[in-house]
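Architecture and fold: a report
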Amino acid sequence: MTELVVLAGPDGLPAGTADKAAVHTTDTPLHFAFSAWVIAGGKVLVTRRALAKQTWPGVWTNSFCGHPAPGEDNVSAVLRRAHFELGIHAEADQVREVLPDFSYRAVDSSGIVEHEICPVFVLELPEDVQLHPNPDEVDSIAWAAPAALIDAADSAPFAFSPWMVEEIAEVPLREAISAL
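Residues numbered from 1 in each chain as written. Predicted model: local features only at pLDDT ≥ 70, side-chain atom pairs only at ≥ 80, totals over all residues. Heavy atoms only, no water.

1. Some details on the overall build of the chain
Regarding its fold elements, the chain presents five helices and 12 strands. The C-alpha atoms of the chain give 15 Å as radius of gyration, which agrees with the globular expectation for 180 residues (16 Å, within 12%). Seen through its principal axes, the chain has C-alpha atoms that stretch 40 × 35 × 30 Å. When burial is assessed residue by residue, the chain has 49% of its 180 residues classed as buried. Summed over all atoms, the accessible surface of the chain reaches about 8500 Å², with 55% contributed by carbon and sulfur. Charged side chains of the chain number 10 positive and 26 negative; the gap between the two group centres comes to 5 Å. (Helix = DSSP H or I, 4+ residues; strand = E, 2+ residues; numbered from the N terminus. Rg over C-alpha atoms; globule rule 2.2 N^0.38 Å. Buried < 20%, exposed > 50% of the residue type's maximum accessible area, 1.4 Å probe, protein only. Areas by Shrake-Rupley, 256 points an atom, 1.4 Å probe, with all protein chains shown as cover. Lys, Arg positive; Asp, Glu negative; His and termini not counted. Charge placed at Lys NZ, Arg CZ, Asp CG, Glu CD.)

In structure tokens form, the structure reads like this:
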């Protein structure tokens, strides 16, 4: 099954679609995505990307990321990917957008580019949330104290995905994960 991503024009509006498997190259076009952080029991979930991932394999990052499908709103995409990547069943009222205008461009060590308009969301879940990570997406998980995670990203940014480091540097996200 072909998974499509929505391309973005220079004006930041949708400008067509492309096959997700073919779009991430050394010349990745700007496209729409999202990033999500799971918060539960006063901790923040970080994940290590599966080793088979095309971009940033084996790198520690935020809880999960994804791309909205054509015609899909971001909250629905967040809920879909939460279930697909982590086995989380959540509701729309548990999702909160914290960085609506976040975007970034980063190049991994293989030359693959991520170039995304990527609003950031927080998914607030109960302390007893059950996770069932999809091994095709997630190699490992860890729950981190917010202050320790912020300190780690500030002092050792090379240990994390570039989008995670950029996101966690933004005051609204720091406030969201620190207000637990």
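Now that the structure is up, let's keep going.
2. Side note on the pattern of salt bridges
Scanning the entire structure with this criterion turns up eight salt bridges. A salt bridge links arginine 48 to aspartate 139; its shortest N-O distance comes to 2.8 Å. With arginine 48 in strand S5 (residues 43-49) and aspartate 139 in strand S12 (residues 138-144), this pair connects stretches of sequence that are 91 residues apart. Look at arginine 48 and you get partly exposed, because its relative accessible area is 25%. A salt bridge links glutamate 137 to lysine 53; the shortest N-O distance between them is 2.6 Å. Taken as a pair, glutamate 137 in the loop between strand S11 (120-125) and S12 and lysine 53 in the loop between S5 and strand S6 (60-61) lie far apart in primary sequence, 84 residues in all. (Salt bridge = Lys/Arg side-chain N within 4 Å of Asp/Glu carboxyl O.)

3. Observations concerning the UniProt feature "domain: Nudix hydrolase" (unreviewed entry) in the chain
Look at the UniProt record and you will see "domain: Nudix hydrolase" (unreviewed entry) annotated at residues 29-166. Helix makes up 20% of residues 29-166 and strand 36%. Its end C-alpha atoms lie 20 Å apart. (UniProt positions renumbered as here; feature names shortened; annotations may be inferred.)

4. Points about the packing of aromatic side chains
Throughout the structure, instances matching the rule amount to four aromatic pairs. Where phenylalanine 34 meets phenylalanine 64, the ring centres are 6.2 Å apart and the plane angle is 80°; that geometry is what we call edge-to-face. Taken as a pair, phenylalanine 34 in strand S4 (residues 34-40) and phenylalanine 64 in strand S7 (residues 64-66) lie far apart in primary sequence, 30 residues in all. Across the pair, exposure class does not vary: phenylalanine 34 and phenylalanine 64 are buried alike. Following the ring pairs from residue to residue traces out a cluster consisting of Trp56, Phe102, Tyr104 and Trp163. (Phe/Tyr/Trp six-rings, centres within 6.5 Å; stacked < 30°, edge-to-face > 60°.)

5. Section: helix H3 (residues 146-155)
Where H3 is concerned, the buried positions are Pro146, Leu149, Ile150 and Ala153. Here the buried residues of H3 occupy an arc of 100° about the axis, which is enough to place them on one side. Facing away from the buried surface of H3 by more than 90 degrees, the exposed residues are Ala147, Asp151 and Ser155. Of the surrounding elements, those touching the buried residues of H3 are S4, S5, S12, helix H4 (162-168) and helix H5 (171-178). (Arc of directions from axis to C-beta. Contact = heavy atoms within 4.5 Å.)

6. Some details on unusual backbone geometry
With phi around 45°, tryptophan 56 is a residue other than glycine that occupies positive phi space. Residue placement: tryptophan 56 occurs in the loop between S5 and S6. Residue tryptophan 56 is classed as buried on the basis of its relative accessible area, which comes to 9%.

7. Some points on the pairing of strand S9 (residues 103-107)
Only one face of S9 is buried, namely the one carrying Tyr104 and Ala106, since none of Ser103, Arg105 and Val107 on the opposite face is buried. Taking the residues that link successive antiparallel strands as the turn, the S9-strand S10 (residues 113-117) hairpin has five residues, and the phi of glycine 111 there is positive, at about 100°. (Pairing = 2+ DSSP bridges.)

8. Notes on the environment of alanine 92
Relative to the assigned elements, alanine 92 resides in the loop between helix H2 (74-86) and strand S8 (95-99). The partly exposed category is assigned to alanine 92, whose relative accessible area is 44%. Linking alanine 92 and leucine 79, residues 13 residues apart in sequence, is a C-alpha distance of 7.3 Å. With near-sequence residues (within four places) excluded, alanine 92 lies in contact with Val75 and Leu79.

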